[in-house]
Amino acid sequence: VLSLLALAPAAAPAKEFAPSQRLAAEAWRSADKLYYDKTFNGLDWFAERQALVKASSTADATPAAIGAMLKKLGDPYTRYIDPDAYAALVAATLGDAAVVAGAGVQVADDAKGVIVVDVEPGAPADEAGLRAGDVIAAVDGLKTADP
């Protein structure tokens, strides 16, 4: 009996991501987890990940590649802001001492309502008792999901 495994070529070992590719993969993962439109504007989202990682072979190329991928979503409010620009934006908007904007909570839509994904320690959401995993069923009496 001839084993087919002996005839199959050995699988190539997986290539480890460069730091720039890890950043790109994390940006894709964040959008995948938090973006409100789960159709991703009709994009083949996994093909976008492959193209993003490939285009992110250098640290200089990565921010533009992330920005280009997010732009394809067609949402003018979804964009990549590099860490220095983000820090400058927060400082200009809220002052140098500010660390949290808004209520300090990240949320995602779910069939049950709005799900709390993350709460910034010490933020208003934290002080109000919100915790990751909480479901926000209504805000000011308005339901966040259809029954």
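Before reading further, recall that the structure is shown in the block above.
Residues numbered from 1 in each chain as written. Predicted model: local features only at pLDDT ≥ 70, side-chain atom pairs only at ≥ 80, totals over all residues. Heavy atoms only, no water.

Q: Please clarify how unusual backbone geometry should be interpreted in this entry.
A: The general pattern is negative phi for most residues beyond glycine and trans for most peptide bonds. Residues other than glycine seldom take positive phi values, yet Phe40 does so here, at roughly 50°. In this fold, Phe40 is placed in the loop between α2 (19-34) and α3 (45-55). Located in the positive-phi region is Asn41, a residue other than glycine, with phi close to 55°. Overall, Asn41 belongs to the partly exposed group, its relative accessible area being 43%. (Helix = DSSP H or I, 4+ residues; strand = E, 2+ residues; numbered from the N terminus. Buried < 20%, exposed > 50% of the residue type's maximum accessible area, 1.4 Å probe, protein only.)

Q: What's the story with the packing of aromatic side chains in this structure? I'm lost.
A: Think of a pair of aromatic rings as described by two things: how far the centres are apart, and how the planes are tilted against each other in angle. Scanning all chains against the criterion turns up five aromatic pairs. Ring centres of Trp28 and Trp45 lie 5.8 Å apart, and the angle between their planes is 20°; on these two criteria the pair is classed as stacked. Separated by 17 residues along the polypeptide, Trp28 in helix α2 and Trp45 in helix α3 bring together distant segments of the chain. Trp45 carries the same exposure label as Trp28, and that label is buried. Ring geometry for Tyr35 and Phe40: centres 6.1 Å apart, planes at 20°, overall stacked. Classification of Tyr35 as buried rests on a relative accessible area of 6%. (Phe/Tyr/Trp six-rings, centres within 6.5 Å; stacked < 30°, edge-to-face > 60°.)

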